Structures are given as C-alpha cells and as structure tokens.
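Chain residues, written in single-letter form:
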Amino acid sequence: MPEIILTDVEGFKAQSRQLRGPIGSELANDAPNFSGESEQLLKFHGIYSQDDRDVRRERTLAKEPLDYSFMIRVVIPGGRLSPQQWLALDGVADTLADGSLRLTTRQAIQFHGVRKGGLRPLASELHQRLMTSFGACGDVVRNVVSCPLHDHSVSPILRQLPERLALAFRPNTKAWWEVFVDGDLAASGEYEPERDLYGETYLPRKFKIGVASSTENCIDVYAQDLGIIPAIHPELGPGYHLVVGGGLGRSYANLDTFARLAEPLTFVLDDELERVIQAVVVTYRDLGDRSDRRRARMKYIVSDLGLEQFRREVAARLDSGLRDPISMERLGEADDHLGWNELSDATWTLGVPVLSGRLRDGATASPKAALKSIAERFDVSFTLTALQDILITGIDASDRSAIDAVLAEHHVIPVSELSSLVRSSLACPALPTCSQALTESERRLPEMIGLIETELSDLGMQSRPLQLRMTGCPNGCARPAVAEVGIVGRTKTTYDLYVGGGPNGDRLATLHQEKVKFEDIPGVLHPLLKRWREESHDDERFGEFLARVGSA
Ligand code: SRM
Ligand code: SF4
C-alpha cells in the first residue's frame, strides 16, 4: 500500500487545540493579516483572509504589502432572522465592513472588507444577537439550507428543522467564543474535548445539508452532500427521502473532479433523522480523502464505491440497518418565492429580489435602507433564500400597502417589473474579493443579462423564462452546473458555456463550448435559442428542450 501523505490542513487541525491554533496571538500583533496556518483555521470561524485583487498586481510590482481584508460569513440556519438580528447585521455592514450585506446561495450573509481590528467587534455584535460565524466555513457541517416557505402553521416540524440540525451537528469547541468574544478565557489553558463525530481533525472537508420542499426545488437539493425531501411512506406515514453524494465543485487542475447530483439513500421517519444523518457524516469522516483537498468531498466516496457499497458502509455504522429508498416524485421547478404570498396562518410574505445577493444602497435605489426602515417600523421577520433574495415574513395584511410604500420610496423595483432573466439569475462574488476567481462574475452580471436579453428580444422571445447562473471559476458557488445557462470562468478573459440544466435542479448542464469570450457568449447561444423558438413545445423550458433534442 503506498503511504498516504496527509495535507498540511490535516496537521494544522490536529495540533490546533480544537481550532484555536495561533489565531489568538496573531490577532494581537500589528500585521494586517495572519500566517498560513491561522488562515486555514480561521475558516472554521467563518473568516476568510482576502486581498483586493484589483490592486494586487500594482502593489506587488511596487513591492508594497497587499491590501488585506477579511470576509466574514454568518451562520443563519434556514436563513431566518429576527428584525433585531437584521438591524444588527445592517449596522455591522456600515460600521465594520464595506457597507454591503451579501446574501449567499446558502441563506447566509457575508461581510466583505473587514479589517483585522474589526474581527473581534464584529464577533461581539453577532454574539450579542445570538448569532455566530463559527462553522459557516471549514471542515464541518455547514449552514443548513431550507425552503423558506415550509408552511408555518401546517408544518412546524419542517420550519424548525434547520435549527434542529444545526444544533445536532455543531462542534463542541468553544474556540470562536474564546478567541473572538471573551479572550480572557484563553489563559486558562483547559480545552473541552471535541465530540466523537468530529474528533481532533474534524471532517475531511465541508459537509452540506439542505431541506427541500416536498413540491419544488428552490434549494437545489441534489447539489447537497445530504438532501432531505419531505415525503409520505405508503405504510409508515410522513418522513423524509434522504439523498446523498451531491456537489458541484470542479477543478481544472484535477481532472478527477466533477459535478455530481445526489442519489436516493433511504427513507427515514422524523425521529430517525439525526441518527441516520450522523451515520452518513461518520462514514464521510472515516472514508473521506485527507490527502487531496480537491477530492475530499463525500461525492467522490459515493462515486468511487458506488451507491450500494456506500449504503452498506452507512448501514454498518447504524445498529438498526438502513431502510430501502422509496420511489420519488420529480420535484417541481424552483419557486423563487418573490412578490406577495399569503400563508395558511393568514400572514403574508413579500419576497424582495436582490441581484447577486449584493444588498447595498446606490445612486438609483436604496434597498438596504428600505429593509432597515421596515425592520424598525413593522412587526415582521426576515428569511433569506438560497437564490440570493430576501423575504419579509409574518406581515399582517393591514401592513401590506405601507410596506409597498416604503419600498417604492426607496425606488426598489417591484418584482412584477423585472425580467425573468433578472429574477432567475445568480452570480458568485468572484473579483475583487474571491481568492479563487479566475475572472469576473457578480460585477459583470448586469452586462451579461443585458446582452442575453437583447438576443432574446431580437428573436422575439423576451417573454420566455430563462435561468442564468454565472461564476468566476469552476468551484460553482452560484450552482451553474445545474442551470439552463451556466457561464463558468475559465481564464481571465474567457468562460466555459454550459447549457441544459434547469430549474428542477435534477439534471446537470453539459459543456457546450469552452473558452468563449464574454462578449461572444450571446452569439454562441444564438443558434440554440433560435432552435428553441422554432422547435420547442408550447411552454417548454430551454433546459427541458435541450435535454430532449440535444445541444450539439
Ligand atoms: Fe463557495 C469557495 C463563495 C456557495 C463551492 N466559495 C468559496 C470561497 C470561500 C473562496 C475561497 O475558498 O477562498 C468564496 C468566497 C468569495 C467571496 O469573496 O465572498 C465562496 N460559495 C460562495 C458564496 C458566497 C457564493 C454566493 O454567490 O453566494 C456561497 C456561500 C454559501 C454559504 O453561505 O455557505 C457559496 N460554494 C457554494 C456552493 C453552492 C451551494 O453550496 O449550494 C458551491 C457548490 C456546491 C458544492 O459545495 O459542491 C460552492 N466554494 C465552493 C468550492 C468547491 C468545493 C469543492 O467541492 O471542491 C470552493 C473551493 C473550496 O472550498 O476550496 C468554494
Ligand atoms: Fe470564488 Fe469561484 Fe466561488 Fe466564484 S465560484 S466565489 S470565483 S470560488
């Protein structure tokens, strides 16, 4: 057997005293950044070291230090926030970050541009409002995503599931609290043991859980390491389908990496849920590749072993065996939950679109100020969606017109006036913050939308819905691998164009053309769009059409 050489990160975790490492002492020094070891451990605390990539080259040439800052990601199970929490996050964006709140594709919030000196004040703000950034990143169970509109009154169990799972799979370590909130405790030198689920070296990599609706797929449940879909067993009654082995990241540097959709593992009853998920996580902890972080995700175990052998591994870690999966209905197209919706408890929700999830006030509209005013004046809550938008929830019918008026005063465009492309598009942050970006995404999304809309309108197809997702590299953070049109950064000036996924999220898009220049993308799409116009059935979606006829 060849010797397995573990990655450096495995060594950092093992010697970190439950994720403390040198972070505390480096926080106190004057440097604007941290050592490589601390940078890796900081991820577990939801903190990414970044530098402004717009000025990286000129600073390097001038032999000046890079412009370091930090991205902080806040864990928000199911995306649910009280108005007090929203106001605290809104304030932090202005006082400690770059003035924006970045709603993510996993119902979390990111702050960008935070300086080293702001890390502890920011953690204190979160702590005071019962929030944390711990576990938002790192090799642990990540923020649990969930369909935001599991009906309040009909399904309190589903509503509570993200929080319940977040608690069930949270690491024991108090390192975040100790390092960032109450530094004095660090002096005691005593550390709580980590729970067996994680051990001293935690998981091989991140682990993502998502709870879908039973009818539609707004969270992309098949892109999760473990997806949960509410269902009814013909004999046993209500429970959940569990699907495993999804993940969309790929790496050009490792051709053994690929996007993959989750497959059915089993059906579980509600009181079996944590136990079975724990067995899956333990299987991953034991069998995941700790010698190559690019191939360390659970999807590669499922793929390498095959689903049946993976099921046997999970069953061996359960004392009760694993029930066979039952047949599954196809989930419907993702509902973006935007606009006004009445729930069965007679409250209303208003879904407010946020392009690329970047909430900031600008010259033409001030959506951030509008949401702040709504949080201050009305008895409402907030729920972030996995499609980078925000819902105002728990609205009394009598407040509807006043809330519409606040949004109008701040020039927030009503959802009825948005094109389908604007409504459905997602883009990852990419440049200038993301260290892995090969090229632009969020900053050039409006331009790309404009180009494709012109193309659609020239073909007389502006009213046909089309789903667009764009990323600055193949890690796939805006999930382009399951989109109808996925634009994936390849080099500084080119993108790979994927087509044929769709809003049901159950089909991978296929590579249509490699290394296309930004401005050439609409032209490359043109023949496909034209065929769609000429050969599709009535309301056939672009992705369904291409899956039927092929994109060659
Ligand atoms: Fe992601 C890494 C942003 C959802 C796959 N992702 C990153 C980093 C932290 C870059 C880095 O490692 O230095 C990005 C931070 C950029 C910045 O400046 O803010 C980043 N990912 C995001 C967000 C903010 C994109 C967004 O537009 O909202 C999403 C935050 C989610 C959250 O709240 O937790 C985000 N990332 C995703 C998703 C989608 C999902 O989970 O539904 C994926 C694809 C699904 C999957 O995991 O396979 C995804 N991100 C990755 C990967 C590839 C992992 C792999 O399997 O190889 C990386 C690279 C890595 O981890 O080293 C990555
Ligand atoms: Fe960065 Fe790539 Fe993720 Fe975009 S897809 S945020 S460029 S890691």
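Located above this text is the structure these notes cover.
Remember, predicted model here, so these are calculated numbers, not experimental data.

## Remarks on the overall build of the chain
Then step 1. Of the regular secondary structure elements, the chain holds 17 helices and 20 strands.
Then step 2. Taken along its principal axes, the extent of the C-alpha atoms in the chain is 70 × 55 × 55 Å.
Then step 3. Residues classed as buried in the chain amount to 56% of the 552 residues present.
Then step 4. Restricting the contact set of the chain to residue pairs at least 6 apart, pairs at least 24 apart contribute 67%.
Then step 5. A total of about 22,700 Å² of accessible surface is found on the chain, and carbon and sulfur atoms cover 50% of it.
Then step 6. Treating the 63 positive side-chain charges of the chain as one cloud and the 79 negative ones as another, the clouds have centres 4 Å apart.

## Side note on helix α16 (residues 521-535)
Then step 1. Between its terminal C-alpha atoms α16 stretches 22 Å, which fits the 21 Å expected from 15 residues at 1.5 Å a residue.
Then step 2. If you look at α16, its biggest bend is around 35 degrees, right at Pro527.
Then step 3. Here α16 has its buried residues at Ile521, Pro522, Val524, Leu525, Leu528, Leu529 and Trp532.
Then step 4. Contacts made by the buried residues of α16 are with α15 (445-458), β18 (485-489), β19 (494-499), β20 (510-517) and α17 (542-549).

## A closer look at the packing of α16 against α17
Then step 1. Axis separation between α16 and α17 bottoms out at 10 Å; the angle between their running directions is 90 degrees. Looking at the two axes, α16 sits roughly perpendicular to α17. Across the interface between the two elements, Leu528, Leu529, Arg531, Trp532 and Glu535 of α16 pack against Phe542, Phe545, Leu546, Arg548 and Val549 of α17.
Then step 2. Within the contact of α16 with α17, the residues separate by chemical class into seven nonpolar, no polar and three charged.

## Concerning the site of ligand 1
Then step 1. Among the 31 residues in the neighbourhood of ligand 1, the closest are listed as Thr104, Leu248, Thr433, Cys477 and Arg479.
Then step 2. At 2.7 Å, a side-chain N or O of Gln110 approaches an oxygen atom of ligand 1.
Then step 3. Between ligand 1 and the protein, one listed contact pairs an oxygen atom with a backbone N or O atom of Cys434 at 3.4 Å.
Then step 4. Of all elements in the fold, only β1 (47-51), β2 (68-74) and β5 (109-114) reach the threshold of two or more residues within the shell around ligand 1.
Then step 5. For the shell around ligand 1, the residue count by class is nine nonpolar, 13 polar and nine charged.

## A look at the site of ligand 2
Then step 1. Cys428, Pro429, Ala430, Cys434, Gln436, Ala437, Thr471, Gly472, Cys473, Asn475, Gly476 and Cys477 make up every residue found near ligand 2.
Then step 2. In the shell around ligand 2, the residues fall into seven nonpolar, five polar and no charged.

## Re the nonpolar core
In summary, soluble globular proteins display a tendency toward joint burial of nonpolar side chains.
Then step 1. Judged by nonpolar contacts, the single largest core of 91 residues is most densely connected at Trp86 and Phe111.
Then step 2. At eight residues, the largest contribution of residues to this core is made by helix α9 (residues 273-287).
Then step 3. Apart from residues lying up to four places away in sequence, Phe111 is in contact with Phe70, Met71, Ile72, Val74, Leu89, Val92, Ala93, Ala97, Ser100, Leu101 and Leu122.
Then step 4. Listed in part, the 28 residues of the second largest apolar core include Ala427, Leu445, Met448 and Phe545.

## Examining helix α3 (residues 36-44)
Then step 1. Among the residues of α3, those classed as buried are Ser38, Leu41, Leu42 and Phe44. Angularly, the buried residues of α3 cover 135 degrees about the axis, an arc narrow enough to put them on a single face.
Then step 2. On its buried face, α3 sits against α1 (8-14), α2 (23-28), β1 and α8 (175-181).
Then step 3. Among the residues trailing α3, Gly46 stands out with phi positive, at a value near 80 degrees.

## Thoughts on the sheet that holds strand β4 (residues 101-103)
Sheets are built from strands paired through backbone hydrogen bonds, the pairs being either parallel or antiparallel.
Then step 1. The strand order across the open sheet built from five strands is β1-β2-β5-β4-β13, with neighbouring strands paired in antiparallel fashion. Both outer strands of the open sheet, β1 and β13 (358-359), are each paired with one neighbouring strand and no more.
Then step 2. In this sheet, β13 lies alongside β4 in antiparallel orientation, the contact comprising two bridges. The residue of β13 that forms the bridge with Leu101 is Leu359.

## What to know about the coordination of the iron atom of ligand 1
Then step 1. Of the protein atoms, Cys477 (SG) alone serves as a donor to the iron atom of ligand 1, at 2.3 Å.
Then step 2. Here Cys477 lies in the loop between β17 (468-471) and β18.

## Observations regarding the pairing of β19
Then step 1. The element β19 is extensively covered by neighbouring structure, given that six of its six residues are classed as buried.
Then step 2. Burial along β19 is two-sided: the residues Thr494, Asp496 and Tyr498 and Tyr495, Leu497 and Val499 are all buried.
Then step 3. One ladder, built from five bridges, connects β18 with β19; its direction is antiparallel. Note that in β19 the partner of Gly486 across the bridge is Tyr498.
Then step 4. From the end of β18 to the start of β19, which pair antiparallel, there are four residues.

## Remarks on the packing of α9 against helix α10 (residues 298-305)
Then step 1. Two numbers describe how α9 lies on α10: the axes approach to 10 Å, and their chain directions differ by 85 degrees. On the basis of their axis angle, the class for α9 and α10 is roughly perpendicular. Taken together, the residues of α10 that come into contact with α9 (itself represented by Val280, Tyr284 and Leu287) are Met298, Ile301 and Leu305.
Then step 2. Residues that form the contact of α9 with α10 fall into these classes: six nonpolar, no polar and no charged.

Calculation criteria
Residues numbered from 1 in each chain as written. Chains lettered and ligands numbered in written order. Predicted model: local features only at pLDDT ≥ 70, side-chain atom pairs only at ≥ 80, totals over all residues. Heavy atoms only, no water. Helix = DSSP H or I, 4+ residues; strand = E, 2+ residues; numbered from the N terminus. Buried < 20%, exposed > 50% of the residue type's maximum accessible area, 1.4 Å probe, protein only. Contact = heavy atoms within 4.5 Å. Areas by Shrake-Rupley, 256 points an atom, 1.4 Å probe, with all protein chains shown as cover. Lys, Arg positive; Asp, Glu negative; His and termini not counted. Charge placed at Lys NZ, Arg CZ, Asp CG, Glu CD. Expected span 1.5 Å × (residues − 1). Bend = angle between axes of the 7 residues up to and from the residue. Axes fitted to C-alpha atoms, helices over the stretch in contact; angles between N-to-C directions. Parallel < 35°, antiparallel > 145°, perpendicular 65-115°, else oblique. Nonpolar A, V, L, I, M, F, W, Y, C, P; charged D, E, K, R; others polar. Near = heavy atom within 4 Å. Polar contact = N/O pair within 3.5 Å; in protein donor to acceptor, adjacent residues only side chain to side chain. Core = buried A, V, L, I, M, F, W, Y, C linked by side-chain atoms within 4.5 Å. Arc of directions from axis to C-beta. Pairing = 2+ DSSP bridges. Donors = N, O, S within 2.8 Å, 3.2 Å for Na, K, Ca; no water.

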